[in-house]
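Letter by letter, the chains look like this.
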Amino acid sequence: MKHGEGAFRSASGIHDDILQGRSTATSVLEDSIRRIERLDPSVGAFLHCDFEGARTRASDLDRLVKKGSVEDLPLLGVPIAIKDNICVKGMPNTCGSRMLEGFRAPYQAHVIERLLEAGAVLVGKTNLDEFAMGSSTENSAFQVTHNPHDLERVPGGSSGGSAAAVAAGMVPLALGSDTGGSIRQPAALCGVVGFKPTYGTVSRYGLVAFASSLDQIGPFGASVLDVARISSVIVGKDHRDSTSVDTGPRDFPAALSRDISEMRIGVHRDHVDGIQDPGVRNCVETSIQSLRDAGARIVRLDDIDLLSKYAVPSYYIVATSEASSNLSRFDGMRFGPRETASALRDAYSGTRGKLFGEEVRRRILLGTFALSSGYHDAYYRKALQVRRLFMNAYTEAFSRADLIVGATSPVPAFPLGQKVKDPLTMYQCDVLTIPPSLAGLPSASVPCGNTPDGLPVGLQVTGPPLGDSSVLSLAFAFEQQSGLQGYLAPMAENAS
Amino acid sequence: MDDRTIDALARLARLEIDPKTGHQLGEQLTSILNHFDILQELNTEDVAPAPRPLDHEAPRREDKPLSSDCIDALRNNAPLDDEGHIEVPRVIE
């Protein structure tokens, strides 16, 4: 469904309307609140809403606009939802876990500081798999999030709440975090744009750590232009994150209009021909053909071993090893509830055993095993060596192609409950998004059509390190061609 | 992965797990690790491990004291707080 004057309001449109007096931050916010109140009871995207705080903020912005004392803020009056593992001062930050029930963030994450400086209005925190561990958002300790395109299906994960909030037109933009695909996969399953910037270009300060060498904050939006706009705001050096990369100012929207015929676009069978689901495969093949028709040079990379069958094992060993260490801070002493015990060690074990959910406990044990004496070299070290092989394979691929395209997810949105009891099957959902994560590459998912059942399919565009601008440019060019800009779920249109 | 191994891992990870759940977890982890053993077929001799995706050295900040303005907020998040201190169970027997 294409939306023009219906549910979809672009961030740039909101910004222009407010600045030129055609609208106010308050009226934009009230529209967003109405949508949340009407649709979220059936979607379950939000864990916490702060409408009063958002109203105060919007009215402050309106006063500044009236006085003429507001600078040209790129996200002026744009309502934004935040995944509930990114700290917003004074708001809950549960990470979808009982372990952090009642916790309120004592400080702002770096990205939140940047959004507020840019004039954004924060409406609330969105649901996620517990500690961002999952691919369906079913691992949240608090609620199930439903896919706005089909309420009986998952929105993907782990940033499923953010993807669903955008797909249902509740907010034009949202932030998520991506460790092995947690932005791109839900973006694909919910039919919105999701972008994982190059590792290190967006500060992780204030993001609750899952796997520190993989975690990356990034945006969701209903158009590539909106995603480019917010990406320019959140990228940048931050001394509080030791892995932060100084890229200098990035004006992604200004760089979007590149000539597609200048681009060499790599295609690999593992990400296209090898896709088992015919609905997904057809959409991706048609997308590649349309890029070819538009003058892009398609380069087959089939002779390079992209190591696809090793992606899930290597990623899950690295990620769970890091998680077993990162999550040791959750012991019931400094935040969240605590299980009473007379000895410290019993209090730790009791609290963690009771308050962590099943998937988190499974991953902590897996990571503890991979790091333990006698197994470290065979599992953790081996996985890091394989990670190097992934990086080498991409170096070879990017010597012949400027960008790589393929499917984001091997399957469209699946029914709630279908995979949640089978961890290995669930892990396979990430098989196409994991390789760019292991190599720290910029990668986006952009809607590329629907399966015969009407479920959205995403096209993944991946670039070399710091090739974020090129990734967004190709996603933009594709979006212009496909006409899927501002594509939202039918429920969003019905709520207009 | 047998019950004893799960028990040892749970102790290392400070996770209280009842025996029935531990047994189920052991079966699941065995199945996952069997699948992950596919990595062993790759020759990684002389391949340097890549603990992070970017090969740059972590910068060091200047060693100087910084003030913190969120002590009260941190205390408010603690489950047990007594006169400015976070209360914990007995540490020394």
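Note: the structure precedes this text.
Below: a short report on this structure. (Residues numbered from 1 in each chain as written. Chains lettered and ligands numbered in written order. Predicted model: local features only at pLDDT ≥ 70, side-chain atom pairs only at ≥ 80, totals over all residues. Heavy atoms only, no water.)

1. Side note on the overall build of chain B
And then number 1: When helices and strands are counted, chain B shows three helices and two strands.
And then number 2: The N-to-C order of helical and strand elements in chain B reads α-α-α-β-β.
And then number 3: The C-alpha radius of gyration of chain B comes to 22 Å, more than 25% above the 12 Å expected for a compact globule of 93 residues.
And then number 4: Its C-alpha atoms give chain B principal-axis dimensions of roughly 55 × 45 × 25 Å.
And then number 5: Buried residues in chain B amount to 26% of all 93 residues.
And then number 6: Carbon and sulfur atoms provide 47% of the accessible area of chain B, an area that totals close to 7000 Å².
And then number 7: Here chain B carries 10 positive and 21 negative side-chain charges, and the mean point of each set is 5 Å from the other. (Helix = DSSP H or I, 4+ residues; strand = E, 2+ residues; numbered from the N terminus. Rg over C-alpha atoms; globule rule 2.2 N^0.38 Å. Buried < 20%, exposed > 50% of the residue type's maximum accessible area, 1.4 Å probe, protein only. Areas by Shrake-Rupley, 256 points an atom, 1.4 Å probe, with all protein chains shown as cover. Lys, Arg positive; Asp, Glu negative; His and termini not counted. Charge placed at Lys NZ, Arg CZ, Asp CG, Glu CD.)

2. Examining the packing of aromatic side chains
Residue and element names in this part refer to chain A.
And then number 1: Inspection of the entire model under this criterion finds 11 aromatic pairs over all chains.
And then number 2: Relative to Tyr-205, the ring of Tyr-107 lies with its centre 5.2 Å away and its plane at 45°, an arrangement referred to as tilted. Residue Tyr-107 is located in the loop between strand 2 (79–83) and helix 4 (110–117), and its partner Tyr-205 is located in the loop between strand 5 (193–196) and strand 6 (216–221); the two are separated by 98 residues in the primary sequence.
And then number 3: Taking the relative accessible area as the measure of exposure, Tyr-107 reaches 29% and is therefore partly exposed.
And then number 4: On the basis of relative accessible area, Tyr-205 is assigned to the partly exposed category, the value being 24%.
And then number 5: Taken together, a centroid distance of 4.0 Å and an interplanar angle of 15° make the contact between Tyr-316 and Tyr-427 stacked. Highlighted residues: Tyr-316 in helix 9 (residues 311–326) and Tyr-427 in helix 13 (residues 423–427), separated in sequence by 111 residues. We note that Tyr-316, like Tyr-427, is buried.
And then number 6: An aromatic cluster is present here, built from Phe-103, Phe-131, Phe-330, Phe-335 and Phe-356 joined pairwise through their rings.
And then number 7: Across from the ring centre of Phe-414, 4.9 Å away, lies the NZ or CZ of Lys-419, which sits over that ring. (Phe/Tyr/Trp six-rings, centres within 6.5 Å; stacked < 30°, edge-to-face > 60°. Lys NZ or Arg CZ within 6 Å of the ring centre and 35° of its normal.)

3. Overview of the interface of chain B and chain A
Note: interface size is frequently given as the accessible area lost on complex formation between the parts.
And then number 1: Of the residues lining the interface, 51 residues belong to chain B; the matching set on chain A comes to 63 residues.
And then number 2: For the pairing of chain B and chain A, the buried interface totals around 5100 Å² over both sides, and the portion due to carbon and sulfur atoms is 68%.
And then number 3: Taken as a group, Arg14(B), Pro53(B) and Asn77(B) account for 13% of the area that chain B buries against chain A, more than any other trio of residues on that side.
And then number 4: Where chain B packs against chain A, one counts one salt bridge.
And then number 5: For the salt bridge of Lys309(A) with Glu41(B), the shortest nitrogen-to-oxygen distance reads 3.2 Å.
And then number 6: Where chain B meets chain A, there are 23 residue pairs in polar contact (both at pLDDT 80 or more).
And then number 7: Mapped by element, the contributors of at least two residues to the side of chain B that touches chain A are helix 1 (3–12), helix 2 (19–36) and helix 3 (71–77) of chain B.
And then number 8: When residues of the side of chain B that touches chain A are assigned to their parent elements, the largest contribution, nine residues, is made by helix 2 of chain B.
And then number 9: Residues belonging to the side of chain B that touches chain A are distributed by class as follows: 34 nonpolar, eight polar and nine charged. (Contact = heavy atoms within 4.5 Å. Buried area = accessible area lost by both parts, 1.4 Å probe. Salt bridge = Lys/Arg side-chain N within 4 Å of Asp/Glu carboxyl O. Polar contact = N/O pair within 3.5 Å; in protein donor to acceptor, adjacent residues only side chain to side chain. Nonpolar A, V, L, I, M, F, W, Y, C, P; charged D, E, K, R; others polar.)

4. Some points on the pairing of strand 6 of chain A
Residues and elements named next belong to chain A.
And then number 1: For strand 6, a buried count of six out of six residues is recorded, marking the element as mostly surrounded by other parts of the structure.
And then number 2: Two elements, strand 5 and strand 6, share two bridges in a ladder whose sense is antiparallel. Bridge assignment links Gly-194 to a residue of strand 6, and that residue is Phe-220. (Pairing = 2+ DSSP bridges.)

5. Here we look at the packing of helix 2 (residues 25–43) of chain A against helix 3 (residues 51–67) of chain A
Residue and element names in this part refer to chain A.
And then number 1: Orientation of helix 2 relative to helix 3, taken along the N-to-C sense of each, is 160°, at an axis distance of 8 Å. Relative to helix 3, the element helix 2 is oriented roughly antiparallel. Viewed along their axes, helix 2 and helix 3 form a crossing whose handedness is right-handed. Contact residues: helix 2 offers Ala-25, Thr-26, Leu-29, Glu-30, Ile-33, Ile-36 and Glu-37, while helix 3 offers Phe-51, Ala-54, Arg-55, Ala-58, Ser-59, Leu-61 and Asp-62.
And then number 2: Counted by class, the contact of helix 2 with helix 3 contains eight nonpolar, two polar and four charged residues. (Axes fitted to C-alpha atoms, helices over the stretch in contact; angles between N-to-C directions. Parallel < 35°, antiparallel > 145°, perpendicular 65-115°, else oblique. Left-handed = near helix turned anticlockwise from the far one by under 90°.)

6. So, the nonpolar core
And then number 1: Counting residues in hydrophobic clusters, the biggest one holds 165 residues, and the most contacted among them are Leu75(A), Ile80(A), Leu115(A) and Phe131(A).
And then number 2: Looking at this core, the element that brings in the most residues is helix 9 of chain A, giving eight residues.
And then number 3: For Phe131(A), the residues in contact, after removing those within four places along its chain, are Cys95(A), Ser97(A), Met99(A), Leu100(A), Val208(A), Phe210(A), Leu327(A), Phe330(A), Phe356(A) and Val360(A).
And then number 4: Counting residues in each nonpolar core, the second largest holds 14 residues, with Leu301(A), Leu306(A), Leu441(A) and Ala50(B) among its members. (Core = buried A, V, L, I, M, F, W, Y, C linked by side-chain atoms within 4.5 Å.)

7. Focus: the sheet that holds strand 10 (residues 443–450) of chain A
Residue and element names in this part refer to chain A.
And then number 1: Spatial ordering of the open sheet is given by 1-3-2-4-6-5-10-11-9-7-8, a layout of 11 strands whose pairing is mixed. A single partner strand is all that each edge strand has here, and the edge strands are strand 1 (46–49) and strand 8 (297–300). Taking the axes of each pair of neighbouring strands and ignoring which way they run, one obtains an average angle of 30° across the sheet.
And then number 2: The sheet contact formed by strand 2 and strand 3 (residues 121–126) spans five bridges and is parallel. Note that in strand 3 the partner of Ala-81 across the bridge is Gly-124.
And then number 3: The strands touched by helix 3 within the sheet are strand 1 and strand 3, with strand 3 carrying the most contacts at an inclination of about 160°.
And then number 4: Its contacts with the sheet put helix 12 (residues 377–400) on strand 7 (264–267), strand 8, strand 9 (403–407) and strand 11 (456–462), and the angle it makes with strand 9 is roughly 110°.

8. Section: the pairing of strand 9 of chain A
Residues and elements named next belong to chain A.
And then number 1: A large share of strand 9 lies buried, amounting to five of its five residues.
And then number 2: By the bridge criterion, three bridges tie strand 7 to strand 9 in an arrangement that is parallel. Paired with Val-267 across the bridge in strand 9 is Val-405.

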